[in-house]
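# Inside the fold
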Amino acid sequence: MTVIKYAVVAIVASVIGYFVRKIFAEATIRSAEEEAARIIQDGEREAESLKREALVEAREEIHKSRSEMEREARERRNELQQFERRLTQKEEALDRRGDAMERREETLQRKFREVEQREIEIDELLQEHRKELERLSQLTTEEARELLLKQVEDEVRHETAMLIREIESQAKEEADKKARDIISLAIQRTAADHVAESTVSVVSLPNDDMKGRIIGREGRNIRALETLTGIDLIIDDTPEAVILSGFDPVRREVARIALERLIADGRIHPARIEEMVEKARREVDAVIRDAGEQATLDADVHGLHPEIVKLLGRLKFRTSYGQNVLQHSIEVAHLAGIMASELRVDARLAKRAGLLHDLGKAVDHEIEGTHVEIGIDLLRKYNESEDVIHAMACHHGDYEPQSVEAVLVMAADSISAARPGARRETLESYIKRLQKLEDISSSFKGVEKSYAIQAGREVRIIVKPDRIDDAAAVQLSRDIVKKIEAELEYPGQIKVTVIRETRAVEYAK
């Protein structure tokens, strides 16, 4: 019985559990169905909202595209209308031009007919006048022509004779002038053996112990000497020698004389150095004055201003490529004077200009500018004649010579400088220097051509105007100057000229 009770209870429990599970499952399913219905409704509402937004955006895009197309259509319509108006105007202009051409052609034809009629009338008048002239002169046309030709022939022969005489006179004058120029050119190409002097700035010492005495305690002697003379003393490992370095040749000579006197005297201290420098300066001033006066006597040039004589004396201590400038100036004066005498021009003027042609080199280390421009300023300052100044100024081709004397000074200067041994620079190194100068100038962008002229004293650069404007041309000249100073060794100074040319060309049709 107990078993049966347990079985009945189990069955009842199973039935109750089944119904409980069924009720719970149905509740769960209903809840899920409700949630699913709610989600579906939310999705439908969201889809409807998105659909409406998409429709609105599509309508806006369609409206924008339509507006853009209408605007482009209006622009094209306006362009077509303008094009049609231009075509209409051109057609009207062509019609007017055609009408004008037709009227002009009619006018020309009418004038042509009038000209033909006038020619006929003129021919008739000429026939009548000819007959009247024959009647009055009692000569036929052929006889009158022969008489007229004879008279004209006599007049032409007389005028021809006068013209020939005038041409012969002018030819003689031109031939004389041309002969002088040819002779001057031939002399300019001449060279003769000559060796010019050269100066050095090295002081020999009796022994190397003297170097320590020159330097002095803590360098006071060498500082005093450098301060008083303005020259640098180079004391290195060179045995028994001291090198003097400085741009001013006169100061360098003062320092050399003072140092030699100090070495010979043996007493080297600042007070003694000051005394010796002052004596050397007075001695050099006297040497300069004597050298200038002797140069004027040697060149047979008189009446120079005392300051010019002093400047000439300073050239005694000036060299150019190893050639003593004072001796070179005296030689140029002699050559120019001899050639002027042979050509029967003013020999005194040629000598004077030849002696003074390098005067600017006496102070070119102190004054900015070329020695030619400095020389012109000095000669004008001391009231030299314009003929002498012109002849001096033309010796390097900076100015166009306007007199035979100027050409002779130029020729004499070239002869003196070109003689074998006169200058250290060889032709090969000279050509290389000019080539290097042109290569440096051509290395910059925008440069079309470059020319080294006046023996390398000037370089002219032609730039492309479409690539270099006026401001860039100024900057280009400065850049070229800096590169020349950094890469090239040259005497004196080099003038850099940048040329920018703009041409506007049109054709009249």
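This report concerns the structure included in the present document. (Residues numbered from 1 in each chain as written. Predicted model: local features only at pLDDT ≥ 70, side-chain atom pairs only at ≥ 80, totals over all residues. Heavy atoms only, no water.)

Spatial ordering of the open sheet is given by β6-β7-β8, a layout of three strands whose pairing is mixed. Each of the sheet's edge strands pairs with one partner strand only, and the pair in question is β6 (447–453) and β8 (495–499). Pairwise comparison of adjacent strand axes, ignoring direction, gives a mean angle of 15° for this sheet. The sheet contact formed by strand β7 (residues 458–463) and β8 spans five bridges and is parallel. The partner of I461 across the bridge, within β8, is V498. Of the strands in this sheet, β6, β7 and β8 are in contact with helix α14 (residues 470–487), which crosses β8 at around 150°. (Pairing = 2+ DSSP bridges. Helix = DSSP H or I, 4+ residues; strand = E, 2+ residues; numbered from the N terminus. Axes fitted to C-alpha atoms, helices over the stretch in contact; angles between N-to-C directions. Contact = heavy atoms within 4.5 Å.)

On to the environment of I120. One can find I120 in helix α1 (residues 2–137). A sequence separation of 243 residues divides I120 from V363, and the C-alpha atoms of the two residues are 87 Å apart.

The biggest cluster of nonpolar side chains holds 50 residues, and the ones touching the most others in it are L304 and L355. Those elements giving two or more residues to this core turn out to be α6 (270–299), α7 (306–314), α8 (325–343), α9 (347–356), α10 (371–381), α11 (386–393) and α12 (404–418). If you tally residues by element for this core, the top one is α8, at 10 residues. Leaving out residues up to four positions away in the same chain, L355 has contacts with A295, T296, A299, V301, L304, L312, S329, I330 and A333. (Core = buried A, V, L, I, M, F, W, Y, C linked by side-chain atoms within 4.5 Å. Buried < 20%, exposed > 50% of the residue type's maximum accessible area, 1.4 Å probe, protein only.)

Turning our eyes to something else, we now look at the pairing of strand β3 (residues 241–245). In the sheet, strand β1 (residues 202–204) pairs with β3 via three bridges, with the strands oriented antiparallel. What sits directly across from S204, in β3, is A241. In the sheet, strand β2 (residues 232–234) pairs with β3 via three bridges, with the strands oriented antiparallel. Residue I234 lies in a different strand from β3, and its bridge partner there is I243. What sits between β2 and β3 in their antiparallel hairpin is a turn of six residues, with E240 showing a positive phi close to 55°.

With that settled, the discussion passes to empty space enclosed by the protein. Counted by the stated rule, this structure contains one cavity of 30 Å³ or more. Empty space within the largest cavity amounts to approximately 40 Å³. Lining the largest cavity we find D248, P249, V250, R314, R318, K361, A362 and H365. Residues that form the lining of the largest cavity fall into these classes: three nonpolar, one polar and four charged. (1 Å grid on protein atoms, 1.4 Å probe; cavity = no way out; pocket = protein on both sides within 12 Å on 5 of 7 lines; lining within 4 Å. Points joined across faces, edges and corners; volume = space filled by probe spheres on them. Nonpolar A, V, L, I, M, F, W, Y, C, P; charged D, E, K, R; others polar.)

Honestly, it's all geometry; don't read function into it.
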